[in-house]
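Residue-level listing of the chains:
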Amino acid sequence: MDKLSIIQQPILGELEILNKTLAETLSTNSPLMNTVVDYFLGTKGKQIRPMLVLLSARLFGEIKTVTIDTAAAIELLHNASLIHDDVVDESKQRRGKPTINGVWDNRIAVLVGDYFVSCALKRSISTGILEVINTLGFLGQELAKGELDQLSIAQEHVLNEEAYFNVIRQKTASLFISCMKMGALSNGAPAEAIDRLMCFGEKLGLCFQIKDDTFDYFSDDVIGKPTGNDLREGKVTLPLIYAIRNASDAERNEIVTLLKQKVLSTQDIDVLTEFAKSHGGIEYAKEVMERLRIEGYEALSFFGENPVVESLKSILDYTIDRAK
């Protein structure tokens, strides 16, 4: 049994109920929509986000229907953002599997993504908790702004760590923060506890994106992912930002000039990725994640030692240590 399966053990029953709820929520009388939805549900990922909702609620008692609805709402919005992101990025594969726009086309993918958003809103309303609904709405804003800011930064060639962290806090960490907050809200958690969980969610979300970004500097023969996908899209991430900051003036000018090219060749990508690795960029990213791991653990110390806290720590460890 892999590490993620072990983490899921305390909430396996609830995850089964969640998946039934997702299928019921997305069911429609449109044959094409049902076909696309069935395909998407068959390619769903690790479901870390709804796991976080369920675990954060479990800290404050038994998981009830309102928490399942909360987890479903945030999972639906998350999936909608993935579907739309694949259209924006013109991605034909995600984690080695064809995307909706890859199997069908952009028009269908956008409409299906819109349908997921509507289903997320309906499911959040069914919780009857205004702050859950408000948090979901705010999350949608943050995800959209994060993606837009990332495009703006890429176009303007902004190469600093502060801008990078602002973007990943919006486009990735906001989702993990919301998972922790909404799960706790669904089970009546006090304000101080919610703040601690949101702090943990931020550290986890930042680690998740930093780890994902490091994968771009290596090829993945298992899923066929080439090196430098982010760089081809103009996205300069933490390893390269660090390398540029710590390079000599001559090296820095050469790399910045290369990045300002409209189209990067395979050779250009190789130069950039090797530059980041040879100048300590990957090691720096690991150091940042280790610092965030400690800070995440500190946030959870408020809750003492118990199986739920151990599961949350394990998710953070899994995120940092995963191979893909």
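Structure first, text after, so check above.
Just so it is clear, the structure is predicted and the values come from calculations on it, not from any experiment. (Residues numbered from 1 in each chain as written. Predicted model: local features only at pLDDT ≥ 70, side-chain atom pairs only at ≥ 80, totals over all residues. Heavy atoms only, no water.)

K.L.:
So what exactly am I meant to see when it comes to the nonpolar core here?
P.N.:
Generally speaking, soluble globular proteins have nonpolar side chains that are buried together. Counting residues in each nonpolar core, the largest one holds 96 residues, and the members touching the most others are Leu52, Phe116, Ile210, Leu240 and Leu312. Here this core takes eleven residues from helix α9 (residues 161-185), the largest share from any one element. Those residues within four positions of Leu312 in sequence are excluded, and the remaining contacts are Leu52, Leu55, Leu59, Met180, Leu197, Phe200 and Leu300. (Core = buried A, V, L, I, M, F, W, Y, C linked by side-chain atoms within 4.5 Å. Buried < 20%, exposed > 50% of the residue type's maximum accessible area, 1.4 Å probe, protein only. Helix = DSSP H or I, 4+ residues; strand = E, 2+ residues; numbered from the N terminus. Contact = heavy atoms within 4.5 Å.)

K.L.:
Help me understand the layout of surface pockets in this model?
P.N.:
Rolled over the atoms, a probe as big as a water molecule pinpoints where empty space is left. The computed volume of the second largest pocket comes to approximately 170 Å³. Around the second largest pocket, the lining residues are Glu131, Asn134, Thr135, Phe138, Glu142, Arg169, Ser174, Ile177, Ser178, Lys181 and Met198. Residue composition of the lining of the second largest pocket, grouped by class: three nonpolar, four polar and four charged. (1 Å grid on protein atoms, 1.4 Å probe; cavity = no way out; pocket = protein on both sides within 12 Å on 5 of 7 lines; lining within 4 Å. Points joined across faces, edges and corners; volume = space filled by probe spheres on them. Nonpolar A, V, L, I, M, F, W, Y, C, P; charged D, E, K, R; others polar.)

K.L.:
So what exactly am I meant to see when it comes to the packing of aromatic side chains here?
P.N.:
Two aromatic rings are characterised by how far apart their centres lie and by the angle between their planes. According to the stated counting rule, one finds seven aromatic pairs in the structure shown. Judged by centre distance (5.3 Å) and plane angle (75 degrees), the ring pair of Phe40 and Phe116 falls under edge-to-face. Here the residue Phe40 occupies a position in helix α3 (residues 31-42), and Phe116 occupies one in helix α7 (residues 106-125), the gap between them amounting to 76 residues. The buried category is assigned to Phe40, whose relative accessible area is 12%. An angle of 80 degrees between the planes, with centres 5.3 Å apart, marks the rings of Tyr164 and Phe165 as edge-to-face. Across the pair, Phe165 and Tyr164 agree in class, each one buried. Aromatic ring contacts, followed pair by pair, group Phe60, Phe302 and Phe303 into a single cluster. Directly above the ring of Tyr284 sits Arg245, whose terminal nitrogen or CZ lies 5.6 Å from the centroid. The lysine or arginine in question, Arg322, covers the ring of Phe208, its NZ or CZ lying 4.4 Å from the ring centre. (Phe/Tyr/Trp six-rings, centres within 6.5 Å; stacked < 30°, edge-to-face > 60°. Lys NZ or Arg CZ within 6 Å of the ring centre and 35° of its normal.)

K.L.:
Quick question: what am I supposed to make of unusual backbone geometry here?
P.N.:
Most peptide bonds adopt trans geometry, and most residues besides glycine take a negative phi value. The backbone phi angle of His157 is positive, close to 55 degrees, even though this residue is not glycine. Assignment of secondary structure puts His157 in the loop between α8 (130-156) and α9. On the basis of relative accessibility, which here comes to 32%, the residue His157 falls in the partly exposed class.

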